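# Results of the structural survey
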Amino acid sequence: MNFLKVIFFVFIKDIKDELRRKENILSSLFFQLLSLVLIHFAVDMTSIDLSKEGAGLMWLIIIFAGTIFMQNIFRKEEENGVFLALLLAPVDRAAIYLAKFFVSFIFLTILEVFLFFLSFFFFGAAVFDSPLQLLILAIGVNVGFSALGTLISSLLINQKGSSILYPLLLYPLLFPLFAAAAALTQSTLKSSLAFSDPWLRLIILFDIIFLAVSSMLFESAVEE
Amino acid sequence: MKEEILVECSHIEKFYGKKQALKGVDLKLFANKITFLMGENGAGKSTLCKILALLSKESNGKILYKRREIKGNLRDEYKKVLGYLSHQTFIYNHLTALENLNFFANLYGITNKKEKIEQVMSSFGLTEYKNQIAGTFSRGLQQRLSLARTLLNDPTVLLLDEPFAGLDPSALYNLAQILSELKTRERTILVVTHEIDDTVEIADNFIILKQGRKVFEDTFYSKENLKNTYFEFFGGVKQ
Amino acid sequence: MILKKLLRKWATLFSILALFTNILALLMVFFYAPTEVQMGEVQKIFYYHVPCAIASYFMVFISFVFSIAFLVKKDEKYDIWAYAGAEVGLVFILCVLVSGPIWGKAAWGKWWVWEPRLTTFLIIFLIYFSYILVRIFGKQDTKTLKVASVFSIIGFLDVPLVNRAVYWWGSIVHPKSVSLEPQMKLTFFVSLLSVIILSLSFLFWRVSVDERVIDND
Amino acid sequence: MISHLLQSSSKDTSFYLFLAYILIGVIIFSYILSLFLKARDKKKE
C-alpha cells in the first residue's frame, strides 16, 4: 500500500474520530484558559510581557495543554484492541506514526493559536506585533513536540501507570526545544527571526533528529 | 491429490524472559480445511496464533507461506491474504459501521471497495446499521461487524482466536455455519479454542497443545473421539 | 544467556583493580597533588568530580549502544547490559550532582548555581531517572524492555542538544579548567583511570547479578 | 553543626573537600551494598 495514501487514510480517520469524540481537544483548550486564570491569581499577573518571562510562561502552558491532548492520541486504538488491527494491515508502520504525528501537529497548532488569542484578550500580550514570526516559531516547536509526544504516547499504549509516566518521560527531553522557544519568543519581538540565530538552528536540528529517529523507532516499539 | 499446504511453521519457540511459552511447535494448515487448535489456558495457543498472524515475533523457528519463508516483502504479500479475529472486536467505537469498514478497506487497498463492503454487510445483516455509531452496537452485532471487517480482504488464511467466546447459542451456530461455508475456494481456517462443544463438528483436523508442545495431531472423526483424546491429555472424566 | 562464570570473573578482576587504583588515586589527591593557588584545597574535588562525569557519559553511551542492539536483535541479553549501563551511569551522575554543588558553594558561596555543566547533568539525571521509573513501573514484561530501550536511545540523542541549549542559556561559565601543573595532570589521569575501572566493575557486577542471567551449571 | 554547614561562607574550604569525598564515598558504597543484597537474593532463589 502506497506510503502517502496510508498516512492520508489514517490521518482522516483520526481527525474524524477526534472531532466526533471531542474530549481531547475540548479538554486541552479549556485547560489553557484554566491555567491563565490560575496564573493570574497565583502571581497576580495582569499583563503578559512576551519579551520577558511572559514567553516562558506561555510555552509552559502549551507543554501542559499539549500533553493532555497527545497523551490520548492512541486512546481510540486502545479500545477494542484496534491497534492490533493496524499492525495486521499490510502497511508501513512508519506511516501510521507519521499520520498520528500530523494529527498531533495540527491540533497543537490550533491550541497555540487559541492560547495566543486568549493571552492577547486577557493579558494584552503583544501577540499581534509579529504574528507571522510567532506562527513560524510555533510550527518549529510543534514539529519537535509532536514527534516526541506521539512516539512516547505509542510506547505507553496499554502500559500500567502510563498517565503518570508520560509527562515524566516527555518533559526532560523537551528542555532544549522549550529553552529555544522561550529565548526566541523574546527576541522575535525586537528583531526578525534570522536563520543565523543559533536557537532557531537548534529547533530545526531537534525537529529533524527526533522526527526521523521516532519514525524508525516506532516500528520496533510497537511490535509485540 | 495431496492436499496443498498453505501455511507451515517449523520448530517455533517463544521465550518471555525465562519462561518458554512455545517449545518447538510444528504446524501445517491445509487448503480447504478447518483446523482446531486446542489446549488448556496457557498452553501457548494464542501465542502461536499471534505468531502466525505476524503480530508477535517468534524467538526462533520459521513460518512458510506456500513453501516460501515469510521474510522481507513476502510479509506484506502474506498480510494481504491474512485474516485475524480475536475476542477483541478491532472496531473504532466512535465511527459508524460503514466508516469502520471503509477505513480498513482503504488500508488493505481493496480495489472494488464499494461492492465488497456492500457484499460483506449484506451477508452479515449489517446494512440497516450502516450509519450507526459502532460503539452503540450489541455484543453480537459488534462480533458480526468484526467478522465482516476480517473478510473484507477475502483472506485465504483465516486465524480465529477464541471466536466463540461470549456468543449466545444462535450466534454460535451461525458463526460455525459461516466458517464451514468459507473454507472452500482454497482457504484455510485455524480456530483456537479451549471448549469442546457443538462447534467442533465443523473441524477437519485438530491439534492439541500442552505447555507449549504439540502433543497430538489427527483428522477429526467425531466429537466423542476428540473428547476422549483431549481428556487423555488433560485428565478429565472419560466418556 | 550470558555465562555467569565468565561475568563473575570479569567483575572480580575489575573490582580488585578498581580497589587498588582508587586507593592510589585518593592518596595522590590528598598527599601528592599540590594545592591550587587561587581556589585553595577545594579545587581537589575536581579530581573525582570530572572523572565521575566522564564515567557517566561512558556508561550512558553503553546503555545507548546495547539498547539499539536489543531492538535490532531482540535478544534479551542485550537488554541486561542496557539496563546495567543506565543504572551504573545514574550512580555516577549522582556523584557529579553531589560534588558539583559543594564545589560551587566553596567557589561562589551558593549551593546551586544554574551554570551550564551542572544544569546539563541535572537534566541528564531527570532523563535517566525516568528510564529507571519505566523499569520499575513495568517490571519484567517484554513491552517494558522495548519502551525502556527506545527511551534510552532518544534520551541519549537528547543530551548533546540539552548541552547546547544550556550553554547558550547560561550566563555564568563553569570555572575554566585552570592550567594544571604536571603533578596535577598525573593525579587527574590516575583518578580518571580508577573511576573508569570502578564503573566497569560495577557494570559487570550489576549484569552478573541480574536475575535473568542463568547459572551455567 | 548543620546550620554552620549550610550558611557558612567561610573560606575553610578543606571542610568542603572532605564533605564532597565523603558523600561520593557514601553513594559508591551504598551502591556496592545494593549489589551485594541483590546477589544474596539471587542466590536464595
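Here is a short report on the structure shown in this document.

### Some thoughts on the overall build of chain A
When its secondary structure is counted, chain A shows 9 helices and 0 strands. By principal-axis analysis of the C-alpha atoms, chain A measures approximately 50 × 40 × 30 Å. Split into buried and exposed, the 224 residues of chain A put 61% on the buried side. The contacts in chain A between residues at least 6 apart in sequence include a share of 81% that link residues at least 24 apart. Taking the average location of the 14 positive side-chain charges in chain A and that of its 18 negative ones, the two points are 5 Å from each other.

### Describing the nonpolar core
Counting 262 residues, the largest nonpolar core has F36, L107, L159 and L179 of chain B together with I154 and F202 of chain C as the members making the most contacts within it. Tallying contributions element by element places helix α3 (residues 76-108) of chain C first for this core, with 18 residues. Excluding residues that lie within four positions of it along the chain, L159 of chain B makes contacts with L29, C49, L52, A53, L82, G83, Y84, L85 and L190 of chain B.

### Comments concerning the environment of L200 of chain C
Residues and elements named next belong to chain C. Summarising the element assignment, L200 is placed in helix α6 (residues 182-209). With 112 residues separating them along the chain, L200 and V88 place their C-alpha atoms 8.8 Å apart. Those residues in contact with L200, other than ones at most four positions away along the chain, are F14, F58 and M59.

### Looking at the sheet that holds strand β4 (residues 60-65) of chain B
Where strands meet in a sheet, backbone hydrogen bonds hold them as pairs that are either parallel or antiparallel. Residue and element names in this part refer to chain B. Read from one edge of the open sheet, 4 strands run β2-β1-β4-β5, paired in antiparallel fashion. Looking at strand neighbours, the two that pair on one side only are β2 (19-30) and β5 (68-69), the edges of this open sheet. The sheet contact formed by β4 and β5 spans 2 bridges and is antiparallel. When the sheet's bridge partners are listed, Y65 is paired in β5 with R68. On the sheet, helix α1 (residues 45-52) packs against β1 (5-16), β2 and β4 and is oriented at approximately 125° with respect to β1.

### Observations regarding the sheet that holds strand β7 (residues 157-161) of chain B
Residues and elements named next belong to chain B. On the basis of which strands lie adjacent, the open sheet formed by 6 strands has the order β6-β7-β8-β3-β9-β10 and mixed pairing. A single partner strand is all that each edge strand has here, and the edge strands are β6 (82-85) and β10 (213-219). For this sheet the average axis-to-axis angle between neighbouring strands, irrespective of direction, equals 15°. Where strand β3 (residues 33-39) meets strand β9 (residues 205-210), 5 bridges bridge the pair, whose relative direction is parallel. Residue pairing for β9: T35 is matched across the bridge by N205. Its contacts with the sheet place helix α5 (residues 139-150) against β6 and β7, and it is angled at close to 165° to β6.

### Here's the deal with the packing of helix α6 (residues 93-123) of chain A against helix α9 (residues 198-222) of chain A
Each pair of packed helices can be summarised by the angle the axes make with each other and by the distance between the axes. Residues and elements named next belong to chain A. Where α6 meets α9, the axes come as close as 8 Å, and the angle between the chain directions of the two elements is 125°. Classified by the angle their axes make, α6 and α9 are oblique. Viewed along their axes, α6 and α9 form a crossing whose handedness is right-handed. Packed against α6, whose contacting residues are R93, A94, I96, Y97, L98 and F101, the element α9 presents F210, L211, S214, S215, F218, E219 and V222 at the interface. Here the residues of the contact of α6 with α9 are counted per class, giving 9 nonpolar, 2 polar and 2 charged.

### Observations regarding the interface of chain A and chain B
Note on interface size: it is often stated as the accessible area lost on association of the parts. At the junction of the two partners, chain A supplies 26 residues and chain B supplies 30 residues. Approximately 2700 Å² of surface area, both sides summed, lies buried where chain A meets chain B, with 61% of it carried by carbon and sulfur atoms. Along the contact surface separating chain A from chain B lie 1 salt bridge. A salt bridge links E99 of chain B to R20 of chain A; the nearest nitrogen and oxygen atoms lie 2.6 Å apart. Breaking the side of chain A that touches chain B down by element, the ones donating at least two residues are α1 (3-21), α4 (75-78) and α5 (82-88) of chain A. The leading source of residues in the side of chain A that touches chain B is α1 of chain A, at 8 residues.

### As for the state of the cysteines
All names here are of chain B. Enumeration over the complete set of coordinates arrives at 0 disulfides over all chains. Not part of a disulfide, C9 finds its nearest cysteine sulfur in C49, a span of 11 Å. Taking the relative accessible area as the measure of exposure, C9 reaches 2% and is therefore buried. Since its relative accessible area comes to 0%, C49 is described here as buried.

### Focus on the pattern of salt bridges
Once the charged atoms of two side chains with opposite charge are near each other, the side chains can pair. All names here are of chain A. Using the criterion set out here, one finds 20 salt bridges over all chains in the structure. Notably, a salt bridge pairs R75 with E78, separated by 2.9 Å at the nearest N-O pair. Here the residue R75 and the residue E78 both occupy positions in helix α4, the gap between them amounting to 3 residues, near one helical turn. Residue R75 is classed as partly exposed on the basis of its relative accessible area, which comes to 27%. The class of E78 is partly exposed, set by a relative accessible area of 23%.

### Comments concerning the interface of chain C and chain A
With 27 residues of chain C at the interface, the matching set in chain A holds 33 residues. Taking both partners together, chain C and chain A bury about 2700 Å²; carbon and sulfur atoms supply 80% of that area. The largest contributions to the chain C side of the interface with chain A come from F137, I154 and L161 of chain C, which together make up 24% of the buried area. Counting across the interface, chain C meets chain A through 0 salt bridges. One can count 3 residue pairs in polar contact (both at pLDDT 80 or more) joining chain C with chain A. Elements that contribute at least two residues to the side of chain C that touches chain A include exactly α4 (116-138) and α5 (142-169) of chain C. The element that contributes the greatest number of residues to the side of chain C that touches chain A is α5 of chain C, accounting for 18 residues. Looking at the side of chain C that touches chain A, its residues break down into 19 nonpolar, 3 polar and 5 charged.

### A word on the packing of aromatic side chains
Following the criterion strictly, the structure yields 50 aromatic pairs over all chains and no others. The interplanar angle of 25° and the centroid separation of 5.9 Å between the aromatic rings of W10 of chain C and F14 of chain C together place this pair among those described as stacked. One end of the pair is W10 of chain C and the other is F14 of chain C, both in helix α1 (residues 4-32) and 4 residues apart, which spans about a single turn. Among the aromatic residues, ring-to-ring pairing joins W10, F14, F66, Y78, W81 and F204 of chain C into one connected group. Over the ring of F104 of chain B we find R149 of chain B, and its NZ or CZ is 4.9 Å from the ring centre. Seen from the ring of Y83 of chain C, R135 of chain C lies directly overhead, with NZ or CZ sitting 4.3 Å from the centre.

Reading guide: rules and limits
Residues numbered from 1 in each chain as written. Chains lettered and ligands numbered in written order. Predicted model: local features only at pLDDT ≥ 70, side-chain atom pairs only at ≥ 80, totals over all residues. Heavy atoms only, no water. Helix = DSSP H or I, 4+ residues; strand = E, 2+ residues; numbered from the N terminus. Buried < 20%, exposed > 50% of the residue type's maximum accessible area, 1.4 Å probe, protein only. Contact = heavy atoms within 4.5 Å. Lys, Arg positive; Asp, Glu negative; His and termini not counted. Charge placed at Lys NZ, Arg CZ, Asp CG, Glu CD. Core = buried A, V, L, I, M, F, W, Y, C linked by side-chain atoms within 4.5 Å. Pairing = 2+ DSSP bridges. Axes fitted to C-alpha atoms, helices over the stretch in contact; angles between N-to-C directions. Parallel < 35°, antiparallel > 145°, perpendicular 65-115°, else oblique. Left-handed = near helix turned anticlockwise from the far one by under 90°. Nonpolar A, V, L, I, M, F, W, Y, C, P; charged D, E, K, R; others polar. Buried area = accessible area lost by both parts, 1.4 Å probe. Salt bridge = Lys/Arg side-chain N within 4 Å of Asp/Glu carboxyl O. Disulfide = S-S within 2.5 Å. Polar contact = N/O pair within 3.5 Å; in protein donor to acceptor, adjacent residues only side chain to side chain. Phe/Tyr/Trp six-rings, centres within 6.5 Å; stacked < 30°, edge-to-face > 60°. Lys NZ or Arg CZ within 6 Å of the ring centre and 35° of its normal.

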